[in-house]
Amino acid sequence: MLTLREILTRSTAYLKRHGIQSARLDSELLLGKALSLDRIQLYVQLDRPLEEEELAVARKLLVLRAKKRLPVAYLLEKKEFFGLDFFVNEKVLIPRPETELLVERVLELAPGARRAVEVGVGSGAIAVSLAKELPQLEIWATDISEGALAVARKNCEIHGVSERVHLFAGDLFSPLQEMAGTFEVVVSNPPYIPQKELEGLAPELHHEPKLALAGGEDGLRVITPLVQAAFPFLVPGGLLALEIGTGQGQAVAEIAKNSGFENMKCEPDYAGLERFFFAWRPRE
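So, here's what we can say about the structure. (Residues numbered from 1 in each chain as written. Predicted model: local features only at pLDDT ≥ 70, side-chain atom pairs only at ≥ 80, totals over all residues. Heavy atoms only, no water.)

On to the side chain of glutamate 243, then. Tracing the backbone through its elements, the reader meets glutamate 243 in strand β7 (residues 234-243). Put simply, glutamate 243 is tucked away with no salt bridge, and the nearest opposite charge, on arginine 275, sits 4.7 Å away. At 2.9 Å, the side chain of glutamate 243 and the side chain of tyrosine 192 are in polar contact. Beyond its immediate stretch of four places on either side in the chain, glutamate 243 contacts Glu98, Thr99, Leu102, Ser188, Asn189, Pro190, Tyr192, Arg275 and Phe276. (Helix = DSSP H or I, 4+ residues; strand = E, 2+ residues; numbered from the N terminus. Buried < 20%, exposed > 50% of the residue type's maximum accessible area, 1.4 Å probe, protein only. Lys, Arg positive; Asp, Glu negative; His and termini not counted. Salt bridge = Lys/Arg side-chain N within 4 Å of Asp/Glu carboxyl O. Polar contact = N/O pair within 3.5 Å; in protein donor to acceptor, adjacent residues only side chain to side chain. Contact = heavy atoms within 4.5 Å.)

Spelled out as structure tokens, the structure:
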């Protein structure tokens, strides 16, 4: 019988042969999933022989990673974001580390906010993280994907914020028409990848919902109506906070200015790339 150490070595080599750059880490995570072990437990049991049934489960996960290029997060059905574990599947975009910066900035810029709206809630990572950090905050969140809303609903339940995060099916602000002028924050990580860039994305990204990635010809297909519609939903002095694509800042600032916003600014992500846009509704 092969030991866990031997399987880990072989799994890493197998993933490397298929072009997986994070082969060792992925092997550890997938073997841990197969054996219901975390990484520390995995290393404590390296000399343990594996049963054939355990090998079969591990082999299936490794093949899906190597040959189908399924993202590890989907195989694990889990992704950490802002110190919390979120359930994820192929109905939602996998939360990115850089999006944690968007959450951090909203917390810094609107620490006293009591009402916020997230457009395109996806897995619920942003809304849940904000609700966990700001106990006074109530969040209304929309998404056009029923599958995404089911995932967000589950994550709200897991993290105990279901009473303060209200989920609605619909495009942009359409389910919230009666709530215009009541929100202190509008936050969103909308689809912003231009059409011509979609085909060149890493194989793993082709498993994520295109709806959450594709921003149309110029990447602004969703951002433009989102910014235009956000203004009347904010209270005077309210904050608009968006994740955007590199090079889109000037265009988004122009849209925001024409929509009535002021004090527009862009900020970089961890790689120094233009990634976040902030603007305020003027105080009246």
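So, about the packing of helix α10 (residues 223-230) against helix α11 (residues 249-258). Interhelical geometry of α10 versus α11 gives an angle of 30 degrees and a closest axis separation of 9 Å. As far as their axial angle goes, α11 and α10 are roughly parallel. For the pair α10 and α11, the sense of crossing is right-handed. On the side of α10, the interface is formed by Ile223, Thr224, Val227 and Gln228, while α11 contributes Val252, Ile255 and Ala256. Tallied by class, the residues present in the contact of α10 with α11 amount to five nonpolar, two polar and no charged. (Axes fitted to C-alpha atoms, helices over the stretch in contact; angles between N-to-C directions. Parallel < 35°, antiparallel > 145°, perpendicular 65-115°, else oblique. Left-handed = near helix turned anticlockwise from the far one by under 90°. Nonpolar A, V, L, I, M, F, W, Y, C, P; charged D, E, K, R; others polar.)

Over its 14 residues, helix α1 (residues 4-17) runs 20 Å from end to end, which matches the ideal 20 Å to within 8%, given 1.5 Å per residue. Among the residues of α1, those classed as buried are Leu4, Ile7, Leu8, Ser11, Thr12, Tyr14 and Leu15. One side of α1 holds all its buried residues, which, seen down the axis, span an arc of 165 degrees. Of the exposed residues in α1, the ones pointing more than 90 degrees away from its buried face are Arg10, Lys16 and Arg17. Each element contacted by the buried residues of α1 is listed here: α2 (23-35), α3 (39-44) and α4 (52-67). Directly beyond the C-terminal end of α1, a positive phi value near 80 degrees is found at glycine 19. (Expected span 1.5 Å × (residues − 1). Arc of directions from axis to C-beta.)

All right, on to the pairing of strand β8 (residues 262-268) then. As paired elements, β8 and strand β9 (residues 274-280) share five bridges and run antiparallel to each other. Opposite glutamate 267, over in β9, you have phenylalanine 276 as the bridge partner. With antiparallel pairing between neighbouring strands as the criterion, β8 and β9 make up a hairpin whose turn holds five residues, including glycine 272 at a positive phi of roughly 80 degrees. (Pairing = 2+ DSSP bridges.)

This part covers the packing of α1 against α4. Where α1 meets α4, the closest approach of the two axes is 10 Å, and the angle between their N-to-C directions is 20 degrees. In this view, α1 runs roughly parallel relative to α4, as classed from their interaxial angle. Once α1 is placed against α4, the crossing between them reads as right-handed. Across from Ile7, Ser11, Tyr14 and Leu15 in α1, the residues of α4 making contact are Leu55, Leu62, Val63, Arg65, Ala66 and Lys67. Partitioned by chemical class, the residues of the contact of α1 with α4 number seven nonpolar, one polar and two charged.

With that settled, consider the nonpolar core. In this structure, Leu130, Ile139, Val165, Leu167, Val185 and Val187 are the most contacted members of the largest nonpolar core, which totals 36 residues. In terms of residue count, helix α7 (residues 125-133) provides more of this core than any other element does, six residues in total. Beyond its immediate stretch of four places on either side in the chain, valine 165 contacts Ala127, Ala131, Ile139 and Cys156. The next biggest cluster of nonpolar side chains, apart from the first, holds 33 residues, and it includes Leu176, Ala214, Phe233 and Phe277. (Core = buried A, V, L, I, M, F, W, Y, C linked by side-chain atoms within 4.5 Å.)

On to the sheet that holds β8. Strand-to-strand pairing in sheets goes through backbone hydrogen bonds, with the strands running parallel or antiparallel. One open sheet accounts for seven strands, arranged β5-β4-β3-β6-β7-β9-β8; its pairing is mixed. Single-partner strands in this sheet number two, and they are β5 (165-169) and β8. Averaged over all pairs of adjacent strands, the angle between strand axes in this sheet comes to 15 degrees, irrespective of strand direction. Pairing of strand β3 (residues 115-119) with strand β4 (residues 138-143) involves five bridges; the strand directions are parallel. Considered in β4, the bridge of glutamate 118 is made with alanine 141. Of the strands in this sheet, β3, β6 (183-188) and β7 touch α10, which is tilted by about 165 degrees from β7. Contacts from α11 reach β7, β8 and β9 within the one sheet, and its direction differs from that of β9 by about 15 degrees.

Turning next to the packing of aromatic side chains. On inspection of all chains with the given rule, the structure shows five aromatic pairs. A ring pair is formed by phenylalanine 81 and phenylalanine 82, whose centres lie 6.4 Å apart and whose planes are at 35 degrees; its orientation type is tilted. Across the pair, exposure class does not vary: phenylalanine 81 and phenylalanine 82 are buried alike. Looking at phenylalanine 81, the relative accessible area reads 1%, which means it is buried. Ring pairing ties together the aromatic residues Phe81, Phe82 and Phe86, which thus form one cluster. Here arginine 105 stacks its cationic end above the ring of phenylalanine 278, 5.7 Å away from the centre of that ring. Positioned over the ring face of phenylalanine 87 is lysine 154, at 4.0 Å from the centre of the ring. (Phe/Tyr/Trp six-rings, centres within 6.5 Å; stacked < 30°, edge-to-face > 60°. Lys NZ or Arg CZ within 6 Å of the ring centre and 35° of its normal.)

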